[in-house]
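Tertiary structure, described
Spelled out from the first residue to the last, the chains are:
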Amino acid sequence: MDETSDEPPTSAVLLDNCHFSQVIFNDVEKFYVPGGDVTCYYTLTQNIVPRGKDWVGIFRVGWKTTRDYYTFMWAPLPSGVHSNTAVQQQIQFKAYYLPKDDEYYQFCYIDQDGMVRGASVPFQFRAEAEDDILVVTTQGEVEEVELQNKNLRKENEELKASCASLQKQNIDLQEELNKIKELQNRLESLRSNTQKLELDSLKKENKDLKELDDCRKAELQQLKEQIQNVTSDKERLETRLKTALDHMDQLQSQVLNYEKEVENLSHTDRDKTEQLESLKEENRQLRMARTQQKEQNKELEHCMEYLKGTEAKFSLCLSHCLQNQQQQNRNLMKELEEQKRLFQILQAKKNEADEENQKLREENDRLLRHLSQTREVSSFSVSQAQAPRPAPEVGGLLFGNPYCGEITWHSASIRKCPMCADVFPEDIETSQYEAHVRSHLLECPLCNETFEKSNKQVFDDHILCHGLE
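A few points on the structure. (Residues numbered from 1 in each chain as written. Predicted model: local features only at pLDDT ≥ 70, side-chain atom pairs only at ≥ 80, totals over all residues. Heavy atoms only, no water.)

Of the regular secondary structure elements, the protein holds 4 helices and 13 strands. Looking at the protein as a whole, 25% of its 469 residues are labelled buried. Put simply, 63% of the contacts in the protein that link residues at least 6 apart link residues at least 24 apart. Carbon and sulfur atoms provide 52% of the accessible area of the protein, an area that totals close to 34,000 Å². (Helix = DSSP H or I, 4+ residues; strand = E, 2+ residues; numbered from the N terminus. Buried < 20%, exposed > 50% of the residue type's maximum accessible area, 1.4 Å probe, protein only. Contact = heavy atoms within 4.5 Å. Areas by Shrake-Rupley, 256 points an atom, 1.4 Å probe, with all protein chains shown as cover.)

Structure (C-alpha cells):
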C-alpha cells in the first residue's frame, strides 16, 4: 500500500456530530478473501468538497473516534470536479496491510479536518464457504423477510411523520422568529415615540425593553440550537431511511434470486431423474462385470496356489544352497586357521634354524681359526726356503666365511677345502678352487644368504619363509 509515514488527520469528535451521507460507498461485499487486494468504490456527493488531506480508512466495527483506524489510504482528488454533480472514485488496499482476523470492519471517509463524511456497511475478511454459494430459502423465511419489509416500511412511515413534525416545528420557530423581529421593530418605533416622554419613564421602559430583548435573544439562541439539532436529526434519519431502502432493495433482489433458484432446482430434479435411470443401467452392467471379475479372481487364486507351491520349493532349495555355502565358509575358515597355525609353526622352525645356523657359524669360525693356526705351524716347518707370506688380518679367516657376505679367497701354498678337507696343489687356479668350495654351498636367490648342502632342510625352510612373507 502506498501509505506514507505521515499520520492522517483525526479528531476526537463524537460520532453524533459526523455527516455520514456526504460520501456513499458502493458495491461493498459481505466478506473479502484474505491474501488478496481489496478495491473500495465510493461516490462523492455534491454536499462535500474533496481536499488534498482527505483519506479513506478501514475501521473495526465499534470504533469511537477517527483515531481508531486499522489502516488507511489517501483519497485521490477527482479530475474535473463539479460542485453540483456526484463523482465516482475508487481506492485499492494492498493485501499486506489488511486485517488477518474475521472481525467485522467498515470503510470510512475522513476529511482534512478529521470529520467522518461517509461510512460503509460492515464486512469481514474470511475465506468463501461452500454454503455461501447456494442458499435455498423456505416459505417461512420468505414470510419472515416480508414481515421485516413491512416493519421497515412502518418504520419508514414513522420516520417520515417525525420528519414532518420536525419541519412543522421549524415553521413554528420561524414564525416566532418573525414575531421577535416585529417586536424589535415595535421596540424601535416605541423608542422613537417615547423620546418626547419624561426621562425617568423612558429609562424605566428602556430598561424593561432591554430585559425583554435579552430574554428574546436567549430564546432565539435556544431556537437556533434546536433548529441545528433538528437538522442533524433530519440528516441522520435520512441516512437511516436510505439504508433501510437499500436493505429493502437487497431483500427484494434476494427474493427474485430465490424464485429463480427454485425454478432451477425443479429443472435439476428432472435432470437427476434421468441420471438415475442411466445410473441403474450402469449398475446392471457393473454387476455383470463384477461376475466376470469373480471368475477371474478364482483363476487368479488357482494361479496363486500354484505360485505358493513353487515358492515353497524354491525356498527349500535356497535354504539347502545356503546351508552348503555356510558349510563351505566354515571349511574355508578352518583351512585358514590351519594355514595360520602352519605359518606360526614354520616361523618357529625358521627361528630355530636361524639359531642353529648361528651356532654352526660360530663353530665354523672356531674351527677355521684352529685350522689356520695349525697350518701356520706346518708351513713354517716344511717350507723354510719360500718367501714369507703376509699373515691374515686380525679377526679374518684364511679361506673366508662361507656364510657371511661375499667370500674372499686368500691364496696359500697349500690349499685345502674347508668343507671336504680336499688338498689342492699350489699352482691351482683360484677360480677352480672357489668353484670347488661353492659346489658345497646353496645360495638363496632372494637374499644371497649361503647354506651348506648338508643342511638342505634349513635352506628349504628359509625359501618357504620368503614365500610366506
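Now for the pattern of salt bridges. Tallied over the entire structure, the rule returns 16 salt bridges. Here Arg 216 and Glu 219 are joined by a salt bridge, their closest N and O atoms 3.4 Å apart. Placement of the pair is Arg 216 and Glu 219 together in helix α2 (residues 199-382), with a separation of 3 residues, close to one helical turn. For Arg 216, a relative accessible area of 29% translates into the label partly exposed. (Salt bridge = Lys/Arg side-chain N within 4 Å of Asp/Glu carboxyl O.)

What follows is about the packing of aromatic side chains. For the coordinates displayed, the defined rule picks out 18 aromatic pairs. Between Tyr 70 and Tyr 105, the aromatic rings sit 6.1 Å apart at their centres with planes inclined by 70°, giving edge-to-face as the arrangement. You can see Tyr 70 sitting in strand β5 (residues 69-74) and its partner Tyr 105 sitting in strand β7 (residues 104-110), a full 35 residues away along the chain. Plain terms: the ring middles of Tyr 105 and Phe 125 are 5.9 Å apart, the flat faces sit at 65° to each other, and that makes the pair edge-to-face. Here Phe 125 lies in strand β9 (residues 123-125) and Tyr 105 lies in strand β7, a separation of 20 residues in the sequence. There is no split in this pair, since Tyr 105 and Phe 125 are both buried. The positively charged end of Lys 53 is found above the aromatic ring belonging to Trp 74, 4.9 Å away from the centroid. Its end group placed over the ring of Phe 31, Arg 126 keeps NZ or CZ at 4.4 Å from the ring centre. (Phe/Tyr/Trp six-rings, centres within 6.5 Å; stacked < 30°, edge-to-face > 60°. Lys NZ or Arg CZ within 6 Å of the ring centre and 35° of its normal.)

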